Amino acid sequence: MASSTVPTRQRETRDSVVIRFAGDSGDGMQVTGSQFTLETALAGSDFSTFPDFPAEIRAPVGTTFGVSAFQIHFGGGDVMTPGDAIDVLVAMNPAALTVEVRDLKVGATIIVDTAAFNERNLNKAGYARNPLDDDSLAKYQVLKFDITKLTADAVKPHGLSSREAHLCRNMWSLGLLLWMYGHERTATLEWLNRKFAKKPTIAAANIAALNAGHAFGETAEMPEHLVGYVVPKAHARPGRYRTVSGTDGLAWGLVAGLRAAAIDKLVFAGYPITPASALLHTLANLRAYGVVTFQAEDEIAASGAALGASYAGALGVTSSSGPGIALKTEMLGLAIATELPLVVIDSQRAGPSTGMPTKAEQSDLFQAVHGRNADAPLAVLAPATTSDCFDIAVEAVRIATKYMTPVIVLSDGYLAHAAEPWLIPHEADLPRFPVSYRTDPEGFHPFLRDPKTLARPWVKPGTPALEHRIGGLEKDYDSGHISYDPDNHARMTKARADKIAGIARDIPLQDVALGNDRGKLALVGWGSTFGAIHQAVTIARGEGRDVAHIHLRYLCPFPRNLGDLLKRYERVLVPEMNTGQLVKLLRAEYLVPAEPFGKVTGKPFRVTEIVQAIRNIV
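Residues numbered from 1 in each chain as written. Predicted model: local features only at pLDDT ≥ 70, side-chain atom pairs only at ≥ 80, totals over all residues. Heavy atoms only, no water.

S.K.: What am I meant to see in the overall build of the chain here?
M.R.: Helix and strand content of the chain: 21 helices and 21 strands. Across the 618 residues in the chain, those meeting the buried criterion constitute 57%. Contacts spanning at least 24 positions in sequence make up 76% of the contacts within the chain whose residues lie at least 6 apart. Approximately 26600 Å² of the chain is accessible, and the part contributed by carbon and sulfur atoms is 53%. Across the chain, the mean location of the 62 positive side-chain charges is 1 Å away from that of the 65 negative side-chain charges. (Helix = DSSP H or I, 4+ residues; strand = E, 2+ residues; numbered from the N terminus. Buried < 20%, exposed > 50% of the residue type's maximum accessible area, 1.4 Å probe, protein only. Contact = heavy atoms within 4.5 Å. Areas by Shrake-Rupley, 256 points an atom, 1.4 Å probe, with all protein chains shown as cover. Lys, Arg positive; Asp, Glu negative; His and termini not counted. Charge placed at Lys NZ, Arg CZ, Asp CG, Glu CD.)

Dropping the structure here:
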């Protein structure tokens, strides 16, 4: 008896793959990408993601400025960036194709929904004729499917309206991509059942669309060169992992810092602003861990409430993006004058003013280090990766409480939303730095300083015999009373500066992330540029070039050995997502001839851009 079984096609192995899902804001591209990421993590691959949002809440459907995209780079090696050129583009409409096609590799695969390529949508996207019908995409492999009809057929038994059926297209596309790379669907099926637990018909329809897309990949007559693929599992240290975004890492790190400091409450006061709002949303779900969240009426009120919480003995935390940090400046000055601990998270975005709200930039460094009236120093830290956000948040709490100072943490729009695998630390391995509130009235005044840290005492209001007054007016060094004496002001100004400078004795020496501690060229980065710089230096060193990577996590004060380290290199190049802010700080501090390499497009550096910059020098 003849078998009717379809022959199994041999899957090809790929070391790594870059996929981008793109469509209208309402097409569910972020959900699709997030679920593909989850299944990728469960498959054992290393990965890095890059969600790319439009600035408009609801741009006109089918327009290029309303395109929402999600990129994931996954593979069996050490994946440190969301990838440069795209291997697979899922374009749900012509606008997505016209915006994203410029980033495709030659020979890349494009998957399109042909139903969306109608005359109206083509006109909105700026096409004079349908690119699916001419040779404009000849250098790519184009898979043309009527995803709209295939989805409608799959969900028809569930009685959805045409609009509801249309919203299931992303699950059909996800099913096809999961088949293409041999991923399971289990986690996504469970997620759909949870998400639509109160709408079982919608859940069933989305599951049907997901399964239909997967089955289509198994049974459709694909071109011979478009087979399924296998991406090897990544080698990882033993332990328990989970996917973490930068926002998650910051939130959990703040709670871990709260526990480490043995403080009862963390009071987070914020005001909605892109891309910082997600931190408020995340912390609001952590009430069981001593977190109190408050959405204030404006940025100034939010920072004031957080500072008031610190005065009361809690850990005050506030958050914003560039324009909001500008509004918080006056309250930051008050925090410096009153010398109270305060953690400020700045999720940087492109500016000035409202700029490009959903695009990443590193242009708040000057604002963080110098952006206040008078001499008003504070500590500034920056996480290098999404998982590093956890450690930096813990460190921010330590420095803020030990030195009684505001600490600004410079995240950015990329780190806030990007995700990667995170090795969950054991609780026993987390640091402990319990704070000590002043209770002894003997010899007390509110600005009596610790001789080592120069920090003033932290006193909870209501502590017997320790009533005191603080405020923004200058205080007498020896009594804490208001003082207008010029010599005293000079002494207090120096004391505040020396306190922040002294933090350099309490942080690690600057190391070299990759390469030798001397040589022809050092690339110095900070923040989210870490992955792109690291991989670029890896490539350049593989070509025999004498180059090293130095990455700064402490930006004020700098590590105490940084100047000596930089002077061991013939040239210093500083890639950063601004027009040269760290370069100017390094030149001013150490008189080294650091050279700028800026990017202000709202998107992260590509590895190839930095590799070419290295080749031009070495």
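Additional details are given in the paragraphs that follow.
S.K.: Whenever I open this one, the pattern of salt bridges confuses me. Can you help?
M.R.: Within the structure shown, the criterion is met by 27 salt bridges. Residue R545 pairs with E543 through a salt bridge whose shortest N-O separation is 2.8 Å. The partly exposed category is assigned to E543, whose relative accessible area is 35%. Between E609 and K599 there is a salt bridge, with its nearest N and O atoms 3.1 Å apart. Placement of E609 in helix α21 (residues 607-617) and of K599 in the loop between β21 (595-598) and α21 is noted, with a sequence separation of 10 residues between them. Overlapping salt bridges, with partners in common, bring together R20, E100, D103 and R606 in one network. (Salt bridge = Lys/Arg side-chain N within 4 Å of Asp/Glu carboxyl O.)

S.K.: Looking at this structure, I do not really get the packing of helix α9 (residues 246-260) against helix α10 (residues 277-284). What am I missing?
M.R.: When two helices pack together, you describe them by how their axes are tilted relative to each other and by the distance separating the axes. Here α9 crosses α10 at 50°, and the two axes come no closer than 9 Å. Compared by their axis directions, α9 and α10 come out oblique. Like other packed secondary-structure pairs, α9 and α10 cross with a definite hand, here right-handed. Residue-level inspection shows T247, D248, L250, A251 and L254 of α9 in contact with α10, the latter providing A278, L279, T282 and L283. Residue composition of the contact of α9 with α10, by class: six nonpolar, two polar and one charged. (Axes fitted to C-alpha atoms, helices over the stretch in contact; angles between N-to-C directions. Parallel < 35°, antiparallel > 145°, perpendicular 65-115°, else oblique. Left-handed = near helix turned anticlockwise from the far one by under 90°. Nonpolar A, V, L, I, M, F, W, Y, C, P; charged D, E, K, R; others polar.)

S.K.: How should I be thinking about the sheet that holds strand β13 (residues 342-348) in this particular structure?
M.R.: Paired through backbone hydrogen bonds, the strands of a sheet run either parallel or antiparallel to each other. If you walk across this open sheet you meet the seven strands as β11-β10-β12-β13-β15-β14-β19, and the pairing is mixed. Of all strands in the sheet, those with a lone pairing partner are β11 (291-295) and β19 (554-556), marking the two edges. On average, adjacent strands in this sheet sit at an angle of 20° to one another, irrespective of strand direction. Two elements, strand β14 (residues 379-381) and β19, share two bridges in a ladder whose sense is antiparallel. The residue of β19 that forms the bridge with L381 is Y554. In this fold helix α11 (residues 299-311) packs onto β10 (266-270), β11, β12 (315-320) and β13, with an angle of close to 160° to the strand it touches most, β12. (Pairing = 2+ DSSP bridges.)

S.K.: Sorry, what's going on with the environment of F145 here?
M.R.: Within the element layout of this structure, F145 appears in strand β7 (residues 141-145). In this structure, the C-alpha to C-alpha distance between F145 and V112, residues 33 residues apart in sequence, is 6.2 Å.

S.K.: Please clarify how unusual backbone geometry should be interpreted in this entry.
M.R.: Both trends apply: most residues other than glycine have a negative phi, and most peptide bonds are in trans. A cis geometry characterises the amide bond from G351 onward to P352, with omega recorded as 5°. Within the secondary structure, P352 is located in the loop between β13 and α14 (365-370). At the junction of C556 and P557, the peptide bond is cis and its omega measures out at -5° in the coordinates. Examined against the element boundaries, P557 turns out to sit in the loop between β19 and α19 (562-566). Notably, L454 is not glycine yet its phi reads approximately 65°, a positive angle.

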